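Understanding the architecture of this molecule
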Amino acid sequence: MNIQSLLSDKVSQALTAAGAPVASEAQVRQSAKAQFGDYQANGVMSVAKKLGIPPRQLAETVVSLLDLDGIAQKIDIAGPGFINIFLDPAWLALQVDAALDSPRLNITPVIPQTIVVDYSAPNVAKEMHVGHLRSTIIGDAAVRTLEFLGHKVIRANHVGDWGTQFGMLIAYLEKIQSRGEPEMQLSSLEEFYRAAKKTYDEDAEFAERARSYVVKLQGGDEYCRQMWRKLVDITMAQNQQVYDRLNVTLTRKDVMGESLYNDMLPGIVADLKAKGLAVESDGATVVYLEEFRTKEGEPMGVIIQKKDGAYLYTTTDIACAKYRYETLKADRVLYYIDSRQHQHLLQAWSIVRKAGYVPESVPLEHHMFGMMLGKDGKPFKTRAGGTIKLADLLDEALERARRLIAEKNPDMPAEELETLARVVGIGAVKYADLSKSRTTDYIFDWDNMLAFEGNTAPYMQYAYTRVASVFKRSGLDERQLTAPVRLEAEQETLLAARLLQFEEAITVLARDGTPHVMCSYLYDLAGLFSSFYEHCPILTAEHNDILQSRLKLALLTSRTLKQGLEMLGIQTVERM
Ligand code: ARG
């Protein structure tokens, strides 16, 4: 049930019947204040202007034509022509029952699309660091949400697995192997990378070999391919551990690294030249884009092939967009990449559109995000100034959660403590990120994210256990709840209305890729449940029908919280 779109349709019909042009916007939104009803329609003013009639007069006509029988209890006109809609508690009660009877909380089925989601994208022979955290968990929340709605989602892990550095890495892997050192050395990938680079800089013979390996690798040489694959495998096996710990749904089969597009690149460059989009400039191949200007005001040149024949990151992203449309049959492509790469993507896509590789009807969307900052407001680093490895960050989260939970529950059995520490610790790191608007930078603060108060994972997880326990304490089975939902107290009606707005939160998250909208929704829901719980006795209700009705509200609240958190990739427990 999507109340917002139901009301939108109804108000649009009334607007049309009142003489408005067909595509007029009803502009229905949730009201910010109870005095303005549950929803308000704000479209009358702009339509009245177009029609040249007083807005209040149009509002009156629209209201007289608005058919909300059985749905709304009252419709008011406020101010210059706002229409305030007060939903009928009896109707809300029916919808709560319908949601409980439906396996998917009565969420409206969508027309399934094929949606490619580009996220995580770590680099080979480098460890994942905090910079990859945001892409990984925000992208995964979007993926889970789109799949829940019924879309076909293709996870595309655009791993950095190609480039000239691989000659050096292969040569160094070979060196380690020839010394008979165990490959486990690679468990510290950063160190491996650094040592390879150092050897490359200091040892001319090694550097020579490295360069020859680049050429061989690109030429498809079997030995180099094999060594390269080993590097990818070792890296991705380590990253998989991080994904699993993070409860992220990515697996090995989602890897679609840069190398996948390598064979397409010569053809792309030739085609862009043939189409007159790319030109030679000082031996390099360049596309000049009118819509991007240099400081001097000249059209900006985007290099797609260097003088030495090498292709660039942009060339790969051009091929990649083409592949996602042509081969993967994407209807929509989402990119979870930090905001510093925005211009890069816009340039690649501008070329993609001009070349006709992806039609305008298929959106390419950059769901960008800001940086993680330390408490000092500077980029989040180790005390020594190094990048923070994701694995270390998760270790610390576990450690802190373990201490916190042990303090609160000194007698908790060790095994339960471990599970809870994992659920709360990892949940806290993820939720702290997901609950902030993704477009801005945010301050990473352990104390805030692990607080049991406020919009945090521990608070939400605890709220879930409280709601779930109400039902358990009743000793009743769901099937015994045969009395219909009745909404009498204000707290009951407010809770019911919010429960039925779950789909609206899902829809926004699916459209904009903004998990914080879901976090705010769930947080608000938990708050409304608390006040309902305070004002409306459940287990001691004066009448069995009331007891059942209130238990149903608790049941739908617990299902909604669990489903919402699951969509965010946040786990819940039954007891904490
Ligand atoms: N590997 C890149 C990095 O670590 C991110 C790749 C994002 N995806 C893309 N299609 N460019 O910065």
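These numbers come from a predicted model, not from an experiment. (Residues numbered from 1 in each chain as written. Predicted model: local features only at pLDDT ≥ 70, side-chain atom pairs only at ≥ 80, totals over all residues.)

Helix and strand counts for the protein chain come out as 20 helices and 13 strands. Judged by the C-alpha coordinates and their principal axes, the protein chain covers about 85 × 70 × 40 Å. A buried classification covers 41% of the 576 residues belonging to the protein chain. For the protein chain, contacts bridging at least 24 residues in sequence account for 71% of all contacts bridging at least 6. (Helix = DSSP H or I, 4+ residues; strand = E, 2+ residues; numbered from the N terminus. Buried ≥ 20, exposed ≤ 12 C-beta atoms within 10 Å, placed from the backbone. Contact = placed C-beta atoms within 7 Å.)

Glancing now at the UniProt feature "domain: DALR anticodon binding" (unreviewed entry) in the protein chain. Taking the numbering used here, the UniProt-annotated feature "domain: DALR anticodon binding" (unreviewed entry) corresponds to residues 460-576. Split by type, residues 460-576 is 70% helix and 0% strand. Its first and last C-alpha atoms lie 12 Å apart. (UniProt positions renumbered as here; feature names shortened; annotations may be inferred.)

Now for the domain arrangement of the protein chain. Under the domain assignment used here, the protein chain contains domain 1 (3-87), domain 2 (114-160 + 259-373) and domain 3 (164-246). The C-alpha-based centres of domain 1 and domain 3 are spaced at 64 Å. (Domains from an automatic or database assignment.)

For the rest of this paragraph, the subject is the pairing of strand β9 (residues 299-305). Two elements, strand β8 (residues 284-293) and β9, share six bridges in a ladder whose sense is antiparallel. Looking at the pairing, V287 lines up with V302 of β9. Linking two consecutive strands that pair antiparallel, namely β8 and β9, is a turn of five residues; a positive phi of about 90 degrees is found at G297 within it. (Pairing = 2+ DSSP bridges.)

The next point concerns the nonpolar core. Among the nonpolar cores identified, the biggest contains 162 residues, and I170, A321, A428 and A496 are the most heavily contacted of them. Broken down by element, this core gets its largest block of residues, 10 residues, from helix α14 (residues 414-434). When sequence neighbours within four positions are dropped, the list of residues in contact with A496 reads L92, A93, V96, L487 and L553. (Core = buried A, V, L, I, M, F, W, Y, C linked by C-beta atoms within 7 Å.)

Looking now at the packing of helix α5 (residues 130-149) against helix α18 (residues 502-512). Two elements in contact, α5 and α18, have axes whose closest approach is 9 Å; the angle formed by their N-to-C orientations is 120 degrees. Regarding the angle of α5 to α18, the classification is oblique. Like other packed secondary-structure pairs, α5 and α18 cross with a definite hand, here left-handed. Here α5 contributes T145, L146 and L149 to the contact with α18, which in turn contributes I506, L509 and A510. Within the contact of α5 with α18, the residues separate by chemical class into five nonpolar, one polar and no charged. (Axes fitted to C-alpha atoms, helices over the stretch in contact; angles between N-to-C directions. Parallel < 35°, antiparallel > 145°, perpendicular 65-115°, else oblique. Left-handed = near helix turned anticlockwise from the far one by under 90°. Nonpolar A, V, L, I, M, F, W, Y, C, P; charged D, E, K, R; others polar.)

Moving on, we come to the site of the ligand. In the vicinity of the ligand, the contacting residues are D118, A121, N123, H158, G160, D317, C320, Y335 and I337. Looking at the shell around the ligand residue by residue, the class counts come to four nonpolar, three polar and two charged. (Near = placed C-beta within 6 Å.)

With antiparallel pairing, four strands are arranged side by side in an open sheet as β1-β2-β4-β3. Each having just a single partner strand, β1 (28-30) and β3 (72-78) make up the two edges of the open sheet. If you compare each strand with its neighbour and ignore which way they point, the axes differ by 25 degrees on average. Of the strand pairs in this sheet, β3 and strand β4 (residues 82-87) are connected by six bridges, and their pairing is antiparallel. Bridge pairing links K74 to F86 in β4. Contacts from helix α1 (residues 3-17) reach β1, β2 (39-41) and β4 within the one sheet, and its direction differs from that of β1 by about 150 degrees.

To continue, consider the environment of A141. With respect to the helices, strands and loops of the structure, A141 is situated in helix α5. Spatially, the C-alpha atoms of A141 and P410 are 34 Å apart, while their sequence positions differ by 269 residues.

Attention now goes to the confidence of the model for the protein chain. A residue-level look at the protein chain finds 99% of positions with pLDDT of 70 or above and a mean pLDDT of 94. Reported confidences for the modelled complex are a pTM of 0.95 and an ipTM of 0.98. (pLDDT = per-residue confidence, 0-100.)

The subject of this paragraph is the UniProt feature "domain: Arginyl tRNA synthetase N-terminal" (unreviewed entry) in the protein chain. Residues given the UniProt feature "domain: Arginyl tRNA synthetase N-terminal" (unreviewed entry) here are residues 1-87. In residues 1-87, helix accounts for 39% and strand for 22%; the two terminal C-alpha atoms are 14 Å from one another.

Moving on, we get to the pairing of strand β5 (residues 114-118). Taken across its five residues, β5 has four buried, putting it largely inside the fold. For the segment spanning β5, α5 and strand β6 (residues 152-156), crossover handedness is right-handed. (Right-handed = clockwise from strand over helix to strand, strands pointing away.)

Tracing the backbone through its elements, the reader meets G37 in the loop between β1 and β2. Separated by 35 residues in sequence, G37 and A72 have C-alpha atoms that sit 9.8 Å apart. For G37, the residues in contact, after removing those within four places along its chain, are S31, D76, N84, I85 and F86.

This paragraph deals with helix α6 (residues 165-178). Taking 1.5 Å per residue, 14 residues should reach 20 Å; α6 reaches 20 Å between its end C-alpha atoms and fits that length. Those residues of α6 that fall on the buried side of the exposure criterion are F166, G167, M168, L169, I170, A171, Y172 and L173. Packing partners of the buried residues in α6 comprise α7 (189-202), α8 (204-218) and α9 (222-246). Directly after α6, the chain includes G180, whose backbone phi takes a positive value near 75 degrees. (Expected span 1.5 Å × (residues − 1).)

Read from one edge to the other, the open sheet built from three strands follows the order β7-β8-β9, with strand pairing classed as antiparallel. Of all strands in the sheet, those bounded by a partner on one side alone are β7 (278-281) and β9. For this sheet, the mean angle separating the axes of adjacent strands, direction not counted, is 45 degrees. The strands touched by helix α12 (residues 342-354) within the sheet are β8 and β9, with β8 carrying the most contacts at an inclination of about 100 degrees.

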